[in-house]
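# Observations on chain architecture
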Amino acid sequence: MKTRILLAILAVVIAGLIAVPWVASYFYIFIFTEILILGLFAASFNLVFGYTGMLSFGHAAFFGVGSYAMALVLIHLEWPFLVSLLVSMGAAALLALIIGFFCVRLNEVYFAMLTLAFGMMVFAIAYQWRSVTNGSDGLAGFSLGSLGLGLDLTLANPAVYYHVVLAIVGVASVILYVICRSSFGMILRAIRQNPERVSFAGLNVRAYRLVAFVIAGAFAGLAGGLIAPFLRVASPELLHWSMSAEPILMAILGGTGYFLGPFIGAAVFVLLETWITSFTESWMLVLGVILALMVIFFRKGLLGTVLDWWMEVRK
Amino acid sequence: MTNPVLTISNLTKRFGGNTAVSGINLDVMPKETIAIIGPNGAGKTTFYNMVSGRMQPSEGNVVLDGKDITGLPPHKISRLGVSRSFQINNIFPEMTVQENVEVVLSAYHGHSRKLFNIASRNTGIQHEAIELLKRLGIDNLKGQRAEVISYGDKRLLEIAMVLATRPKLVLLDEPTAGMTPDETRRTTKLVKSLADSGDYTFLVTEHDMDVVFGLADRILVMHRGEKLFAGTPEEVKNHPEVRRAYLGEEDDETEESNA
């Protein structure tokens, strides 16, 4: 009964998301495209944070590298969009393998600091390697060709692009969800709660943490590959450490203990940002107050709090 | 003649100038239960930490089934068949009792590498987990979050997790520590029945002398990191030096506290 109601709610939400371009203005099509992409970014981060228990301050490195890979492929190779996305994922996964190799050896604050340090290095490279990255201006002036799979879609149309993003984020989310619910995902949750006990069960905890880190990096790269055509630029801001803070805030806002938490966090984050900045300049102040309240009173995030409240009511 | 499961020779651990364990030799035969006793600070847990890979020995060797495992990391030693419990509860607090066992079973069976199965539909692992919980008499708690069950039940859950890897050698570190007298009796009986089943080889450290004399085939008495004596429970009970150094010491303490 409980699952049935939740599934019904989920179906309504998905139907609503599909219908967005037919009922909403261009402005909201853009907003929802951004929510989906950042939601995927935050969900990939939560595989590392909420499931495996590693607080990464460098997740934007993978998001940014994914966007640069997309821009470079579109400019120089003009490959179909879906193939370019695979390049984004691959580039981010490779970077995550290199960074993760060093970071997963460390725990807690040392892990966080090292991911931050690597994130800053990647930013510095993108900022200064002008011949490839075009420095602070970033890479722009690329255009989307075909989607791939022989489908003839005008990707430059925001409504079409929204639906493509929705489909890709949907598929990626299902894959991530299955990983979270798999035996591997169960081991990740166990590692978060008690890594030593997992190693005494015969598993190499570092290897598992590294695999989780690489998977999360790949999906962050996918999100980055989706954001570049949306913003029409791949710029160093996407790699900046402040960009690494966004998935952290979104995951905590929505609820790190739930798969959909980061998506809800992303939606609330983007919508609040949009509405509040239209009234006042002090969006960061409002966000700070909301986050402080969440951390002090609603540790389980919005989704967790609502689900708890619903269970109470049903009793 | 059968070969020992575990052969320990000259095992030594020094921390700076302090020798925590010094030159311990021990052969553990299959299906045997050996108790290691000694006052706090005798080096029992350090000894376990070296055998299970949590600490590197300063000197000496640990050989399991003819294979040198000295200084290997814990996950490799676990894979080779040594499974241990801890003095403090070491479980996955936010998971259910059953999931706690399933984690270890998934690791043991190699399911932990599967990214695209659904763990909650893995009926083989679930049945095996429930069988183990039944063996420990806590299958009625399978759906509870592990952090909410009683202290004694947590310790039993830990034993279930330790047995889940089908170990050649089980190291139990004070399995009844902190238990109520009732829980202690229940746990002793249980470990005794597991030992009598002939499925396991146990090393047990323990403070409670009744538990030790009830369980052990042989007893190793440690004192300040060294082997003081090894023998059958009867021999240990009657050994004058052991009585003075360990069994007697308890009397001394009582006298002091009475004074």
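Residues numbered from 1 in each chain as written. Chains lettered and ligands numbered in written order. Predicted model: local features only at pLDDT ≥ 70, side-chain atom pairs only at ≥ 80, totals over all residues. Heavy atoms only, no water.

### Notes on the overall build of chain B
If you tally the helices and strands in chain B, you get nine helices and ten strands. The C-alpha radius of gyration of chain B comes to 19 Å, within 12% of the 18 Å expected for a compact globule of 259 residues. Projecting the C-alpha coordinates of chain B onto the three principal axes gives extents of approximately 60 × 40 × 40 Å. The burial tally for chain B puts 53% of its 259 residues in the buried class. About 11,600 Å² of surface is accessible on chain B, with carbon and sulfur atoms providing 47% of the total. Within chain B, one finds 30 positive and 35 negative side-chain charges whose respective centroids are separated by 8 Å. (Helix = DSSP H or I, 4+ residues; strand = E, 2+ residues; numbered from the N terminus. Rg over C-alpha atoms; globule rule 2.2 N^0.38 Å. Buried < 20%, exposed > 50% of the residue type's maximum accessible area, 1.4 Å probe, protein only. Areas by Shrake-Rupley, 256 points an atom, 1.4 Å probe, with all protein chains shown as cover. Lys, Arg positive; Asp, Glu negative; His and termini not counted. Charge placed at Lys NZ, Arg CZ, Asp CG, Glu CD.)

### Re the overall build of chain A
Helix and strand counts for chain A stand at 14 helices and two strands. Whereas a compact globule of 315 residues would reach a radius of gyration of roughly 20 Å, chain A reaches 19 Å, a difference of no more than 12%. Reported as C-alpha extents along the three principal axes, the dimensions of chain A are approximately 55 × 45 × 45 Å. Residue pairs in contact within chain A that sit at least 24 positions apart in sequence constitute 76% of those at least 6 positions apart. (Contact = heavy atoms within 4.5 Å.)

### Considering the interface of chain A and chain B
Taken residue by residue, the interface counts 25 residues in chain A and 35 residues in chain B. The contact between chain A and chain B buries some 2,700 Å² in all, and 60% of this surface belongs to carbon and sulfur atoms. Of all residues in chain A, Met186(A), Arg197(A) and Phe200(A) bury the most surface against chain B, accounting for 28% of the area lost on that side. Our enumeration of links across chain A and chain B arrives at 16 residue pairs in polar contact (both at pLDDT 80 or more). Those elements giving two or more residues to the side of chain A that touches chain B turn out to be helix H7 (158-181), helix H8 (183-193), helix H9 (195-199) and helix H10 (205-231) of chain A. Grouping the constituent residues of the side of chain A that touches chain B by class yields 13 nonpolar, seven polar and five charged. (Buried area = accessible area lost by both parts, 1.4 Å probe. Polar contact = N/O pair within 3.5 Å; in protein donor to acceptor, adjacent residues only side chain to side chain. Nonpolar A, V, L, I, M, F, W, Y, C, P; charged D, E, K, R; others polar.)

### What about the sheet that holds strand E8 (residues 202-205) of chain B?
Hydrogen bonds between backbone groups are what pair the strands of a sheet, and the pairing can be parallel or antiparallel. Residue and element names in this part refer to chain B. One open sheet holds the six strands; their spatial order is E6-E7-E8-E3-E9-E10, and the pairing between them is mixed. The open sheet has two edge strands, strand E6 (82-84) and strand E10 (226-231), and neither has a second partner. The average undirected angle you get between the axes of adjacent strands in this sheet is 20°. Alignment of strand E3 (residues 33-37) against strand E9 (residues 218-223), held across four bridges, turns out to be parallel. (Pairing = 2+ DSSP bridges. Axes fitted to C-alpha atoms, helices over the stretch in contact; angles between N-to-C directions.)

### Quick word on the nonpolar core
Ranked by internal contacts, the top residues of the largest apolar core, which has 137 residues, are Phe81(A), Leu226(A), Val101(B) and Leu157(B). A total of 17 residues in this core trace back to one element, the largest contributor, which is H10(A). Beyond its immediate sequence surroundings of up to four residues, Leu226(A) is in contact with Ile37(A), Leu40(A), Phe81(A), Leu85(A), Tyr161(A), Val165(A), Ile168(A) and Val169(A). Membership of the second largest hydrophobic core comes to 25 residues, among which are Leu26(B), Leu169(B), Leu171(B) and Leu220(B). (Core = buried A, V, L, I, M, F, W, Y, C linked by side-chain atoms within 4.5 Å.)

### Examining the sheet that holds strand E1 (residues 6-15) of chain B
Residues and elements named next belong to chain B. The strand order across the open sheet formed by four strands is E2-E1-E4-E5, and the pairing between neighbours is antiparallel. One side of each edge strand has no neighbouring strand; the edge strands of this open sheet are strand E2 (18-28) and strand E5 (67-68). Note: E1 against strand E4 (residues 59-64), five bridges, orientation antiparallel. By the bridge assignment, Ser 9 is partnered in E4 with Asn 61.

### So, the layout of surface pockets
One water molecule sets the probe size; rolling that probe over the atoms shows where empty space is left. Residue and element names in this part refer to chain A. Its volume calculated, the second largest pocket comes out at about 420 Å³. Around the second largest pocket, the lining is made up of 19 residues, and of these Val 65, Leu 95, Val 122, Ile 125 and Trp 129 lie nearest the centre. Secondary-structure elements contributing two or more residues to the lining of the second largest pocket are helix H3 (60-77), helix H4 (81-103), helix H5 (108-128) and helix H6 (130-133). Classifying every residue of the lining of the second largest pocket gives 17 nonpolar, two polar and no charged. (1 Å grid on protein atoms, 1.4 Å probe; cavity = no way out; pocket = protein on both sides within 12 Å on 5 of 7 lines; lining within 4 Å. Points joined across faces, edges and corners; volume = space filled by probe spheres on them.)

### Some remarks on the packing of helix H2 (residues 26-51) of chain A against helix H11 (residues 241-254) of chain A
All names here are of chain A. It is the contact of H2 with H11, at a shortest axis distance of 9 Å, that shows an interaxial angle of 80°. Of the possible angle classes, the one that applies to H2 and H11 is roughly perpendicular. Within the contact between the two elements, H2 uses Leu 38, Phe 41, Ala 42, Phe 45, Asn 46 and Phe 49 and H11 uses Met 243, Glu 246, Pro 247, Ile 248, Met 250, Ala 251 and Ile 252. Here the residues of the contact of H2 with H11 sort into eleven nonpolar, one polar and one charged. (Parallel < 35°, antiparallel > 145°, perpendicular 65-115°, else oblique.)

### Overview of empty space enclosed by the protein
Tallying each qualifying case throughout the model produces one cavity of 30 Å³ or more. Along the walls of the largest cavity sit Ala43(A), Asn46(A), Leu47(A), Tyr51(A), Leu176(A), Cys180(A), Tyr258(A) and Phe259(A), which together make up its complete lining.

### A word on the packing of aromatic side chains
In total, this model carries 19 aromatic pairs over all chains according to the counting rule given. Connected via pairs of aromatic rings, a cluster forms that spans Tyr26(A), Phe30(A) and Phe230(A). Positioned over the ring face of Phe111(A) is Arg209(A), at 5.9 Å from the centre of the ring. One Lys or Arg, Lys237(B), reaches over the ring of Phe213(B) and ends 4.8 Å from the middle of that ring. (Phe/Tyr/Trp six-rings, centres within 6.5 Å; stacked < 30°, edge-to-face > 60°. Lys NZ or Arg CZ within 6 Å of the ring centre and 35° of its normal.)

### Points about the environment of Ser244(A)
Residues and elements named next belong to chain A. Take Ser 244: it is sitting in helix H11. Not counting residues up to four positions away in its chain, the partners in contact with Ser 244 are Phe 57, Gly 58, His 59 and Ala 60. Of note is the side chain of Ser 244, whose polar atom sits 3.3 Å from the backbone oxygen of Phe 57.

### Comments concerning H10(A)
In a regular helix each residue adds 1.5 Å, so 27 residues correspond to 39 Å; H10(A) covers 38 Å between its end C-alpha atoms and thus fits that length. Taken from the residues just after H10(A), Arg232(A) is the one with a positive phi, measuring 65°. (Expected span 1.5 Å × (residues − 1).)

### Topic: the pattern of salt bridges
All names here are of chain B. As enumerated under the stated definition, the model contains 17 salt bridges over all chains in all. Among the salt bridges present, the one from Lys 192 reaches Asp 196, with a minimum N-O distance of 3.9 Å. Here the residue Lys 192 and the residue Asp 196 both occupy positions in helix H6 (residues 181-196), the gap between them amounting to four residues, near one helical turn. For Lys 192, a relative accessible area of 32% translates into the label partly exposed. Look at Asp 196 and you get exposed, because its relative accessible area is 54%. (Salt bridge = Lys/Arg side-chain N within 4 Å of Asp/Glu carboxyl O.)

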